[in-house]
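# Overview (structure and organization)
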Amino acid sequence: MKHSRLVLAVILAMALLASLFSAGCASKGGTGALAGAGVGAIMGQAIGRNTAGTLIGTAIGTGAGYIIGNELDKAEARKRHTQGLPPETGNLAGSRWKAVKVDPMPQPPYETYVIEFGKDGWLRTTETFANGAQKTDKEHYRIKGDILIIHNPGYLINAKYTILGDRLIISSQEFTAEFTRM
């Protein structure tokens, strides 16, 4: 009886993964994580023949799938850049936003934080500190569905974004930020 419940749980998990795949992921990192979770669950169950094996396989598969998908996202961004393809800037192109809330707050804390999405695929961030000093950074960005992909050589951030009127909300594993349109 215990074995049949486990098999049912694995089948339900696979059905859930299949429904998520049919909805689609905006980035290869997300798709890789889902695919890795499914494959890992099956492998973990086949090897361990218990719930712990299934869960361990799911965790390892999710991580490995995300890493592989994330590297594919980076490669695609490099390819688009080197081939001179137009950037995928979506509905953020040409917009400018001021931070209302960022969690966790960067250190040292800033007085104002402004982001500007260029139509050319560049994201410019300007931090102004209490002493009046400013720091400006420039990064590549692109949009895939509701995912904002920010990248430069050596790093890539996949963040979900939502525009609600004059508010922009960006969430990733590393931070959550809310902005108002300028």
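Residues numbered from 1 in each chain as written. Predicted model: local features only at pLDDT ≥ 70, side-chain atom pairs only at ≥ 80, totals over all residues. Heavy atoms only, no water.

Judged by side-chain polarity, Val39, Met43 and Ile47 come together as a nonpolar surface patch covering roughly 330 Å² of accessible area. Mapped onto the elements, Met43 comes out in helix α2 (residues 28–48). Note on Met43: relative accessible area 46%, which makes it partly exposed. (Patch = residues over 30% accessible without salt bridge, like charges linked within 9 Å, V, L, I, M, F, W, Y side chains within 5 Å. Areas by Shrake-Rupley, 256 points an atom, 1.4 Å probe, with all protein chains shown as cover. Salt bridge = Lys/Arg side-chain N within 4 Å of Asp/Glu carboxyl O. Helix = DSSP H or I, 4+ residues; strand = E, 2+ residues; numbered from the N terminus. Buried < 20%, exposed > 50% of the residue type's maximum accessible area, 1.4 Å probe, protein only.)

Counted residue by residue, strand β5 (residues 147–152) has 6 buried out of 6 residues, so it is predominantly covered. Neither face of β5 is exposed, since Ile147, Ile149 and His151 on one face and Leu148, Ile150 and Asn152 on the opposite face are all buried. Hairpin connection of strand β4 (residues 134–144) to β5: 2 residues between the antiparallel strands, including Gly145 at a positive phi of 65 degrees. Looking at chain direction, β5 and strand β6 (residues 155–164) are connected through 6 bridges and run antiparallel. Counterpart to Ile149 in the pairing with β6 is Asn158. Connecting β5 to the antiparallel partner β6 that follows it, the hairpin turn spans 2 residues, and Gly154 within it adopts a positive phi of roughly 95 degrees. (Pairing = 2+ DSSP bridges.)

Most of strand β3 (residues 122–128) is tucked away, with 5 of its 7 residues classed as buried. For strand β2 (residues 112–117) and β3, the ladder comprises 6 bridges, and the chain directions are antiparallel. From the neighbouring strand, Phe117 faces β3, where its bridge partner is Leu123. Hairpin remark: β2 followed by β3, antiparallel, with 4 residues in the connecting loop; positive phi at Gly121, about 90 degrees. In this structure, β3 lies alongside β4, joined through 7 bridges in antiparallel fashion. Each bridged residue has a counterpart across the sheet, and for Arg124 the counterpart in β4 is Lys138. A loop of 5 residues connects β3 with β4, the two strands running antiparallel in sequence, and Gly132 in this loop sits at a positive phi of about 90 degrees.

Attention shifts here to the confidence of the model for the chain. Taken residue by residue, the chain gives an average pLDDT of 80. The fraction at 70 or more is 77%. Throughout residues 19–24 the model reports pLDDT below 50, and contacts reaching past four residues in sequence, or to other chains, amount to 4 contacts. (pLDDT = per-residue confidence, 0-100. Contact = heavy atoms within 4.5 Å.)

To continue, consider the environment of Glu139. Positionally, Glu139 belongs in strand β4. Taking relative accessible area as the criterion, Glu139 reaches 14% and is therefore assigned buried. Taking the C-alpha atoms as reference points, Glu139 and Asn152, 13 residues apart in sequence, are found 5.8 Å from one another. If we skip the residues at most four places from it in the chain, Glu139 touches Gly121, Trp122, Leu123, Thr125, Ile150, His151, Asn152 and Tyr155.

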